[in-house]
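Commentary on secondary and tertiary structure
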Amino acid sequence: MIPLIIDTDPGVDDAFALALALASPEVDLRAVTTVFGNVPLASTTDNALRLLELCGRPDVPVAAGADRPLVHPHPHRARYAHGSDGLSGRASTLPTPSRAPAEVDAVTLMTEVLTAAEQPVTIAAVGPLTNVALLLAAHPSVRSKIGRLVVMGGGLDVGNVTATSEFNIWSDPEAARRVLVEEDLPTVVVPLDLTLRCGVDLDWLAALDAASQVGSALVGLTADYQRYYQRMGWQGTVLHDAVAVAEAVSPGLLTSTSYPVDVDCTTGPARGALLADRRSALISTESGVDQRRRVDIALDADLDRVRA
Ligand code: BDR
Ligand code: CA
């Protein structure tokens, strides 16, 4: 079993990602750490506690992390997609948490789990990368315990917050640059280019609704989120974070290619863009940019397998 930490900002698709990890015997979910993002930190933390309660796993420790980006505070939240409370206005329909979050913060909990782990741990980061950046800055020695970092973020040919930028990277580009460009961890990035192709339709949602109480509760959380995707012409929904967690659960499920990457941390129109150099190796070598950090980017998959 792969030990797993999920760093998250629930978020409707984060909810599905958590449930997927808990339903997967391949992984042992050792901690959930929360970060600001789709909604403020207090809500993402409360949502995580409620979701673990729903899934019958109130034993998984939850710790709250960063409530703002590293450098440039910004007021933007994704309520337009995830609803007022991050769960389509349905958070209060989930079980009331039977406990408070851990007294330690996210970075401390991640450090404790990593230090105690008997084998390399996968971290699935499906929100802004602030907690992971702080972890690596404050506790560099834990790097050797991180087997894999799987990140939902970026869009090479498409953005969702701006024309160039995806929400998680755009929410804290300085943290993303620190983690994706300045570090050297084995990393897989799962961008919008692939997650948008993995959308699930109304039949998929109906089947999950009928499958179990947990499935039905999850489908109930998609109301506002479905409306957001309907406005874009998709009847169903898109579970970005669950696609990334599927790769954490089943390494190699997604097909990845290694590219030199950078993150735009300027305050211009491309702020928060994930840049991957997809030119031929020869051209990028001649221009010298292949000196940049290379990261695996998942751009393809057997889509039916991902949905299953
Ligand atoms: C990402 O942004 C959030 O709104 C989702 O939860 C996902 O992590 C998609 O861009
Ligand atoms: Ca998320």
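Residues numbered from 1 in each chain as written. Chains lettered and ligands numbered in written order. Predicted model: local features only at pLDDT ≥ 70, side-chain atom pairs only at ≥ 80, totals over all residues.

For the protein, the name recorded in an unreviewed UniProt entry is Pyrimidine-specific ribonucleoside hydrolase, with Goodfellowiella coeruleoviolacea as its organism.

Time to look at the overall build of the protein. Secondary structure summary: the protein contains 14 helices and 11 strands in total. The C-alpha atoms of the protein give 18 Å as radius of gyration, which agrees with the globular expectation for 308 residues (19 Å, within 12%). Each of the three principal axes of the protein carries a C-alpha extent, and together these read 55 × 45 × 35 Å. The buried share of the protein, reckoned over its 308 residues, is 51%. Residue pairs in contact within the protein that sit at least 24 positions apart in sequence constitute 81% of those at least 6 positions apart. (Helix = DSSP H or I, 4+ residues; strand = E, 2+ residues; numbered from the N terminus. Rg over C-alpha atoms; globule rule 2.2 N^0.38 Å. Buried ≥ 20, exposed ≤ 12 C-beta atoms within 10 Å, placed from the backbone. Contact = placed C-beta atoms within 7 Å.)

Interhelical geometry of helix α1 (residues 12-22) versus helix α12 (residues 240-249) gives an angle of 25° and a closest axis separation of 7 Å. In terms of axis orientation, α1 runs roughly parallel to α12. In this structure, α1 meets α12 at a crossing whose hand is right-handed. Contacts between α1 and α12 pair D13, D14, F16, A17, L20 and A21 from the former with H240, D241, A242, A244, V245, A246 and V249 from the latter. Residues belonging to the contact of α1 with α12 are distributed by class as follows: nine nonpolar, one polar and three charged. (Axes fitted to C-alpha atoms, helices over the stretch in contact; angles between N-to-C directions. Parallel < 35°, antiparallel > 145°, perpendicular 65-115°, else oblique. Left-handed = near helix turned anticlockwise from the far one by under 90°. Nonpolar A, V, L, I, M, F, W, Y, C, P; charged D, E, K, R; others polar.)

Residues A106, V107, L109, M110, V113 and L114 constitute the buried set of helix α4 (residues 106-116). For α4, the angular spread of buried residues about the axis comes to 165°, placing them on one side. Facing away from the buried surface of α4 by more than 90 degrees, the exposed residues are T115 and A116. Where α4 is buried, its residues meet β1 (2-8), β2 (27-34), β3 (62-64), β4 (121-125), α5 (130-138) and β5 (146-152). (Arc of directions from axis to C-beta.)

Following P10, the chain continues to G11 via a peptide bond in cis, the omega torsion being -10°. Along the polypeptide, G11 turns up in the loop between β1 and α1. Positive phi, normally seen in glycine, also occurs at S88, with a value near 55°. With respect to the helices and strands, the residue S88 is situated in the loop between α3 (79-82) and α4. Given 22 C-beta atoms within 10 Å, S88 falls into the buried group.

Most of β1 is tucked away, with six of its seven residues classed as buried. Taken together, the seven bridges between β1 and β2 define a ladder with parallel strand orientation. Directly across from D7, in β2, lies its bridge partner T33. Following the chain from β1 across α1 to the adjacent parallel β2, one finds a crossover that is right-handed. Here four bridges tie β1 to β4, and the two strands are oriented parallel to one another. Its bridge partner lying in β4, I5 is registered against I123. (Pairing = 2+ DSSP bridges. Right-handed = clockwise from strand over helix to strand, strands pointing away.)

What follows is about the site of ligand 1. Every one of the 15 residues lining ligand 1 counts as a neighbour, but G11, A78, F167, H240 and D241 are closest to it. For the shell around ligand 1, the secondary structure elements donating two or more residues are α1, α6 (167-171) and α12. (Near = placed C-beta within 6 Å.)

Further remarks concern the pairing of β5. Taken residue by residue, a regular strand's side chains alternate between the two faces of the sheet. The element β5 is extensively covered by neighbouring structure, given that five of its seven residues are classed as buried. Bridge count for β4 against β5 is five bridges, and the pairing is parallel. The residue of β5 that forms the bridge with A125 is V151. Running through α5, the crossover from β4 to the neighbouring parallel element β5 is right-handed. Two elements, β5 and strand β6 (residues 187-190), share four bridges in a ladder whose sense is parallel. Bridge pairing in β6 links M152 to V190.

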